[in-house]
Amino acid sequence: MSDEVILLAHGEGGKRSRELVEKTIAARFANPLLAPLFDSALLGEQAGEIAFTTDGYVVTPHFFPGGDIGRLAVCGTVNDLAVCGARPVGLSCAFILEEGLPLVSLERVLDSMQAAAREAGVAIVTGDTKVVERGKGDGIFVTTSGVGVIRNGWRPRPETVRPGDRVVLTGTMGDHHLAVLIARNNLAIAADIRSDAAPLNGLLLPAVDRFGGAIRVMRDATRGGVGVTINELAHAGGVRIVLEESRLPVSQTVSAVCEILGFDPLFLANEGKALLIVDGSAANDLVSLLAGHEFGRDAAIVGEVADGPAGVLLRTRVGGLRAIDYPAGDALPRIC
Amino acid sequence: MPIPIPMPMPQNRSNPFEPFRDPAAAAALIAKIRGSWDGPPVRIMEVCGTHTMAIARHGLREPLQGVAKLISGPGCPVCVTPDGYIDAAIALAEAPGVTIATFGDMVRVPGTRASLERARAGGADVRIVYSPLDAVTLASADPAREVVFLGVGFETTAPTVAGSIITAQARGIANYSVLPSLRTIPGAMALLAADPDVKIDAFLCPANVSAIIGTDAYRPLVEVCGLPCVVAGFEPLDILSSVLMILRQISARTARVENEYSRVATPAGNRKAQALMADVFEPCDADWRGLGVLPGSGLGIASKYASFDAGRKFGVAVLSTPERPGCRCGEVLKGMIDPPECPLFGNACTPESPVGACMVSTEGACAAARRFGIGA
């Protein structure tokens, strides 16, 4: 195994920089749009509204069960496009590397990014690499941006959400958050919990094609989890949403670990789950469609839009009713 | 690489509390409760923060509406700790050579001028520990510093505080002391029940406290006040079962101690813990934030352990401080008003910036109502 490390020279624009970019990075991402290494990638003419998004990734540790910082960076940006109904056309990636990072770690992240991009059917078409002095970074920071094209004129319309609409969640909550937390704190929990990091365009875009405007709005439930995302949706639409605790998918293992650590799975981050608000008449068909995809196996109707002031309520498993509010500064560590 | 922290994991990797949250059993209990009472809503006061949180988190008030009204009494030790105690702790923290060791939930509680969190940011040595024994370990590791543990709590915490003093004495650790703010539950319940302002029909008695003091500890209270007392576990089925037990007592016009939490609590309780408390502490008057001074409701450090009493050792007095203007915590803690009826609730007084006792800790009545309340 190579014991090469990232040096400041890798970021200084000379021979080493060129080698790193061409042999280590571009060679892995090889695709026709990237190949010329122009200052911009030329994406060609596109039919439809353009969607554009960006996100930075600083997760520690860089590798954890079910994923790594590279897979997160690709999936996160693909998903931000997908929930706007956009097919990804090209991604950028900017690395900030810390002097002394083992080259094999970077290579592992790059391989993972390329694998995730291929899975999502998108190419990484432009990028940048900077190196900072030892102690001024955390090994590797990744920022990805993405351009997508919206098809068939769909766009998120939270203002069209109305009583009788259903809330659909595409799968189990909390897996990513706990996978990272357990890896980070080296908790000796005998629990097989893997991050759910996954590109959701293959799951969500066929649903948009089929159901169109019956899908009012979609959001990926990342930082803050389902609890924060559903509050944002309720307040954006000015509606009351009632979730059913017994219908919210949580794996038995995540539920048990949450009980031990005092967490609420509603507020744990996910990297491969989306919330959709859909016309009541289309909800069952939507769930059937989602459940046929590997990233939507546990999709379920988890609640509905009701009359009442804007906000979110939870019908609890034991038949009670309570609010789900934004957490009041609970010190959950950063996980994305 | 951090040291792996071993975590107990159930054999089948499922949530061990599931059986106590069974939806069908809960629905059956709720139906029984609703079918067993057609009078005006029975007013039941819980006096334990964990009950307050369980009731809020599982949304139990709504399905019982019209039949039983669950009222959160003074159940959170952090909430009922007066401002003057925090001020005394901060004064100690700012003294040279003193380390304050405390449970984590105390550091954000505001005193009259600051919190321990602020004092720490200003350079005071404030450490968070998970047990009073950790504080003894801190003292033994650094004999040049005085380590003061903030002994705040009810009968669940008191035995471990007593144990830390006995341990420090046995190991000759003279630089350890405790600033006590310990309270006893049954005495406070009796005073509440005798208060003409307090209109309650029954008590939901705490699970953990009762495991220590024993369910017989409520007998004198029942005899004096004539209110049913049911010791309840912390899970939703425990609480619903206990409400049903209370309604049945009231229907039958009886008042006695019943134990729903028999899987842990016994009539006699934990005798070893009781003996520790009797040895190290003696009853004293206690100032409850929001309620005032309740005679005999506190535990002070007995004279023979005076050298472990930070108050005596450092000459620090816990001064009584008036409630802040507009604060209606006293009425909330007595069940006279619901949290949203206080004009400060959610406006001047929020979990991020609490004014009164009930908003201070996450287990306070107002903090729980703010976070989980469903409005009118």
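Residues numbered from 1 in each chain as written. Chains lettered and ligands numbered in written order. Predicted model: local features only at pLDDT ≥ 70, side-chain atom pairs only at ≥ 80, totals over all residues. Heavy atoms only, no water.

1. Concerning unusual backbone geometry
Of all residues except glycine, most have a negative phi; of all peptide bonds, most are trans. Going from Thr60 of chain A to Pro61 of chain A, the amide bond is cis rather than trans, its omega being -5°. Phi at Leu37 of chain A takes a positive value of approximately 50°, unusual for a residue other than glycine. Note on Leu37 of chain A: relative accessible area 39%, which makes it partly exposed. Even without a glycine there, the phi angle at Arg253 of chain B is positive, about 55°. In this fold, Arg253 of chain B is placed in the loop between helix H10 (236–251) and strand S10 (257–259). The class for Arg253 of chain B is exposed, based on a relative accessible area of 77%. (Buried < 20%, exposed > 50% of the residue type's maximum accessible area, 1.4 Å probe, protein only. Helix = DSSP H or I, 4+ residues; strand = E, 2+ residues; numbered from the N terminus.)

2. A few points about the sheet that holds strand S2 (residues 42–46) of chain B
All names here are of chain B. The strand order across the open sheet formed by five strands is S3-S2-S8-S9-S10, and the pairing between neighbours is parallel. Since the sheet does not close on itself, it has two edges, and those belong to strand S3 (68–72) and S10, each with one partner. Put simply, the sheet's adjacent strands are angled 25° from each other on average, direction ignored. For S2 and strand S8 (residues 202–205), the ladder comprises three bridges, and the chain directions are parallel. In the strand pairing of S8, Glu46 is matched with Leu204. (Pairing = 2+ DSSP bridges. Axes fitted to C-alpha atoms, helices over the stretch in contact; angles between N-to-C directions.)

3. Structural notes on the domain arrangement of chain A
All names here are of chain A. When its domains are assigned, chain A resolves into domain 1 (8–150) and domain 2 (158–323). At the interface, 23 residues of domain 1 touch 22 residues of domain 2. In total, domain 1 and domain 2 occlude about 1,700 Å² of area from one another, counting both sides; carbon and sulfur atoms represent 63% of this. It is Pro65, Asn79 and Val83 that lose the most area in domain 1 upon contact with domain 2, and together they represent 29% of the buried surface on that side. Taken together, domain 1 and domain 2 are joined by zero salt bridges. Our enumeration of links across domain 1 and domain 2 arrives at seven residue pairs in polar contact (both at pLDDT 80 or more). Contributing elements (two or more residues each) for the side of domain 1 that touches domain 2: helix H2 (69–82), strand S4 (86–98) and helix H3 (103–120). (Domains from an automatic or database assignment. Contact = heavy atoms within 4.5 Å. Buried area = accessible area lost by both parts, 1.4 Å probe. Salt bridge = Lys/Arg side-chain N within 4 Å of Asp/Glu carboxyl O. Polar contact = N/O pair within 3.5 Å; in protein donor to acceptor, adjacent residues only side chain to side chain.)

4. Some points on helix H2 (residues 49–57) of chain B
All names here are of chain B. In terms of burial, H2 is a largely internal element, seven of the nine residues being buried. Among the residues making up H2, those that are buried are Gly49, His51, Thr52, Met53, Ala54, Ile55 and Ala56. The first or second residue beyond H2 is Gly59, which carries a positive phi of 60°.

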